[in-house]
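One letter stands for each residue in the lines below.
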Amino acid sequence: MTKIETVSTDAGEARITWHTGPKARRVLALGHGAGGGIEARDLAALAATLPARGVTVALVEQPWRVAGKKVAPAPKTLDTGWRGLWPALAAPGLPVVAGGRSAGARVACRTGAELGAVAVLALSFPLHPPGKPERSRAGELLSTELPTLVVQGGNDPFGKPAEFPPGGGYELVEVPYGDHGFAVPKRAPIEQDEAVGRIVEGVADWLAALG
């Protein structure tokens, strides 16, 4: 079942598209990145697949996106919007996993523990700006204080899996040949559908293991 809910926050009106599982045991809240919306292939695939596996997926559109703006605001404003949405995300009374892709993953990492999330899912975590590994954002990922899963494309210019710090207390699933949007080249020995399938299965297995 799909339902759209508008939520007022201190950063403006946000929107949640609920993909409700009939026998859901938890909510997976997913925010989008700075360069796109909830139509991203990874978010759409998780929303289409996980409800049948006992997970309600809530796709979150930040106020700037709902307002039709082209450029995302500062991280502080993104966090404000996410905090304002949280009571609606927790309203079903189920444990909530905070997540998102790219900028949305950073928001989930920064705010998950304070808001009462049970875990954090970071899709395409932007470890650093492309070509600038010295500007690392690893601190956000390493400070979640929660079970955390990173799903990262093997060719992500914002941080390849091998660049992530070892022993960081998080799990990492690699999508071979995937870029920041998990697109794989036509010449790659993996089909696009298979790449998306690895995202879904990796996330589903991790969620199941949370108990």
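A. Expanded view of helix α1 (residues 41-49). Residues of α1 that are buried include every one of D42, L43, A45, L46 and A47, and no others. Looking at the buried residues of α1, the elements they touch are β2 (12-19), β3 (26-31), β4 (55-61), β5 (96-101), β6 (119-123) and α6 (192-209).

B. Here's a closer look at the environment of L89. Mapped onto the secondary structure, L89 falls in helix α3 (residues 75-90). Classification of L89 as buried rests on a relative accessible area of 0%. As for L89 and A58, which are separated by 31 residues in sequence, their C-alpha atoms are 7.4 Å apart. Aside from chain neighbours lying at most four places away, what touches L89 is I16, W18, V27, A29, A58, V60 and V96.

C. Looking closely at the packing of α3 against helix α4 (residues 103-115). The interhelical angle for the contact between α3 and α4, taken along N-to-C directions, is 55°, at an axis separation of 10 Å. The orientation of α3 relative to α4 falls into the category oblique. Between α3 and α4 lies a crossing whose hand is right-handed. Listed contacts from α4 to P75, L78, D79, W82, R83 and W86 of α3 are A103, V107, R110, T111, E114 and L115. Of the residues assigned to the contact of α3 with α4, the class counts are seven nonpolar, one polar and four charged.

D. Seen up close, α3. Compared with the 22 Å implied by 1.5 Å per residue over 16 residues, the 22 Å span of α3 between its first and last C-alpha is a close match. The sharpest bend along α3 comes to roughly 30°, located at G84, with the proline P87 sitting one to four residues further on. Three or more residues of α3 are buried, namely L78, D79, G81, W82, L85, W86, A88 and L89.

E. A look at the sheet that holds strand β1 (residues 2-9). Taken in spatial order, the eight strands of this open sheet run β1-β2-β4-β3-β5-β6-β7-β8, and their pairing is mixed. The open sheet is flanked by β1 and β8 (171-175), the only strands paired with a single partner. Ignoring which end each strand starts from, the neighbouring axes of this sheet average 20° apart. Where β5 lies against β6, five bridges are found, and the strand directions are parallel. Bridged to V97 within β6 is A119. Of the strands in this sheet, β1, β2, β3, β4 and β5 touch α3, which is tilted by about 135° from β1.

F. Representation of the packing of aromatic side chains within the structure. Scanning all chains against the criterion turns up three aromatic pairs. Aromatic side chains W82 and W86 sit 6.3 Å apart centroid to centroid with 55° between the ring planes, which places their arrangement in the tilted category. Linking W82 with W86, this pair stays in helix α3, spanning four residues, or about one helical turn. Exposure class is identical for W82 and W86. Each is buried. One aromatic cluster is present, built from ring pairs that chain together F125, F164 and Y170.

Procedures and definitions
Residues numbered from 1 in each chain as written. Predicted model: local features only at pLDDT ≥ 70, side-chain atom pairs only at ≥ 80, totals over all residues. Heavy atoms only, no water. Buried < 20%, exposed > 50% of the residue type's maximum accessible area, 1.4 Å probe, protein only. Helix = DSSP H or I, 4+ residues; strand = E, 2+ residues; numbered from the N terminus. Contact = heavy atoms within 4.5 Å. Axes fitted to C-alpha atoms, helices over the stretch in contact; angles between N-to-C directions. Parallel < 35°, antiparallel > 145°, perpendicular 65-115°, else oblique. Left-handed = near helix turned anticlockwise from the far one by under 90°. Nonpolar A, V, L, I, M, F, W, Y, C, P; charged D, E, K, R; others polar. Expected span 1.5 Å × (residues − 1). Bend = angle between axes of the 7 residues up to and from the residue. Pairing = 2+ DSSP bridges. Phe/Tyr/Trp six-rings, centres within 6.5 Å; stacked < 30°, edge-to-face > 60°.

From the geometry alone we can't say anything about function, so treat these as descriptive.
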